[in-house]
Amino acid sequence: MSRKIYMLLSFLLIVSFALTACGAPATEAPAQPAATEAPAKPAATEAPAQPAATEAPAKVTITWWHISTAEEHKALWQKLADEYMAEHPNVNIEITVLENEAFKTKLTTVMQSGEPPDIFQSWGGGVMNEYANAGLLKDITADLDADGGAWRNTFAPGALGVYAYKGQNYGVPWDMGMIGFWYNKDLFAQAGIDAPPTTWTEFVDDVQKLKAAGITPIALGEGDKWPGMHMWAYLVTRLGGKANFEGALLRTGSFTDEPFVKAGVMLQDLVALEPFQDGFLGATYGDEATAMGNGKAAMELMGQWAPAVERDNSEDKQGIGDALGWFPFPAVEGGAGDPNDAVGGGNGFAIGKNASPEAVDFVKYLTRAESQVQLAEIGVAIPVVKGGEAGMTDPLMIQLQEQLAKAQYFQLYYDQALPPAMGSVINDSTQGLFAGTLTPEQAAQAIEDSAQQELK
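A brief structural summary. (Residues numbered from 1 in each chain as written. Predicted model: local features only at pLDDT ≥ 70, side-chain atom pairs only at ≥ 80, totals over all residues. Heavy atoms only, no water.)

### What about the pattern of salt bridges?
So the rule is basically this: Salt-bridge detection follows one rule: a side-chain nitrogen of Lys or Arg within 4 Å of a carboxyl oxygen of Asp or Glu. Secondary structure is summarised from DSSP: a helix means a run of H or I of at least four residues, a strand means a run of E of at least two, and numbering begins at the N terminus for each. Think of it in three bands: with a 1.4 Å probe and only protein chains considered, a residue is buried below 20% of the maximum accessible area for its type, exposed above 50%, and partly exposed in between.
Taken as a whole and judged by the stated rule, the model has seven salt bridges. For the salt bridge of Glu72 with Arg311, the shortest nitrogen-to-oxygen distance reads 3.4 Å. Taken together, the residues Glu72 in helix H2 (residues 71-87) and Arg311 in helix H12 (residues 306-313) connect sequence positions 239 residues apart. Judged by its relative accessible area of 46%, Glu72 falls in the partly exposed class. You can call Arg311 partly exposed: its relative accessible area is 28%. Linking Glu448 and Arg251 is a salt bridge whose minimum nitrogen-to-oxygen distance equals 2.4 Å. Taken together, the residues Glu448 in helix H18 (residues 440-454) and Arg251 in the loop between helix H9 (226-249) and helix H10 (258-271) connect sequence positions 197 residues apart. On the basis of relative accessible area, Arg251 is assigned to the partly exposed category, the value being 27%.

### A few points about the side chain of His73
Where we set the bar: In protein, a polar contact means a hydrogen-donor-capable atom and an acceptor-capable atom, both N or O and within 3.5 Å, with residues adjacent in sequence counting only if both atoms are side-chain atoms; elsewhere, any N or O pair within 3.5 Å suffices.
Within the element layout of this structure, His73 appears in helix H2. The exposure class assigned to His73 is buried, which follows from its relative accessible area of 6%. Reaching out from His73, the side chain makes a polar contact with the side chain of Ser68 at a distance of 3.2 Å. A polar contact of 3.0 Å, which involves the side chain of His73, links it to the side chain of Trp77.

### Structural notes on the pairing of strand S3 (residues 119-122)
So the rule is basically this: By the convention used here, strands pair only if DSSP detects at least 2 bridges between them.
Where strand S1 (residues 60-66) lies against S3, two bridges are found, and the strand directions are parallel. Residue pairing in the sheet places Trp64 in a bridge with Ile119 of S3. Bridge analysis of S3 against strand S10 (residues 342-351) gives four bridges, and the strand direction is antiparallel. In the strand pairing of S10, Ile119 is matched with Ile351.

See below:
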């Protein structure tokens, strides 16, 4: 009996082992690819991992107006735009190039409609401030300050400040320069003038020597008004200095104060010598540059862009070459202004209120050091971005930059530093001085009357 029981137990034990062995694969199967897992497809929620047509960058059009009509400069701006579009295929940049006066007229019209271009030429100061105050510009302060001020810190602070209003930036500069006299060395030599004048008395003497030699002393496009305004503004600056202008601006003084009137007297004394080309009152700035570029006048009072425009307006597109020289506006004996004080300004970009992030990014591209170097290399810009000066090779531009560095007081162009309405009155009044239709007292009073309305 015990043997039978033993055999029965042994049989049951063998069966138990067999059943256990047969059941083992069921518990180990997950270690092998499961039939139900192999054909599984990505869940619908995983689809974004694949490139989707809707993820392509949206198409963006940037409108850009500038006034760089000189061929080299215009070509460089186009080149930089083409490069940017190549790197950003979704961006299309529409460039409109306008002559200075046409630009101002057209911009006034679109500003009145409330639809400014995304990027447009600006000189900062009063005109830009008016647009900012009217809500027509985009505040790009945050863009400048992003990443610890990475973009802001590339600019010379003074230059960038010209494009700020009430602590906010609505644009950036791409160059900064000063007004000075460009002159023809060959014509000076013909008149027996050995060196440029350093005082107003010497300047007037040289004008008379040039006249005696049958040479037109000064080319002027006074039909555009602003070219002649620079001469009056410089005389005011030499006579009165910083305190004089700021007093009138802040209303602790007046635009009828002595330096403003005396500048008009001195200007009309110069006009009486007939130093300008025939028809100067109706001539444009283009006519002025043409006279200089073709060697038909000995001097013009103009900004750092003058050589490029002279070349472009000359018959052979070469200008007067090595005969071109430069000297700062002469000191006025007895004047309160420092002889190194500068009148000038710069060119920059204002950003329209509807500008896209891509438009702001493109302006960053235009104002990077590499772009500034290229601008300096063609001789139309005094760089305002660190590293841009590496492109400066023109001795005249280097001379101008060195002179500008001496200025303790930098006076922004009057028609830009002041509200637009005042700028127009100043240009009209100074044209009246050149034409002899206004006395120095009348011109100063007209400007003061405008200040009383606009500077409140």
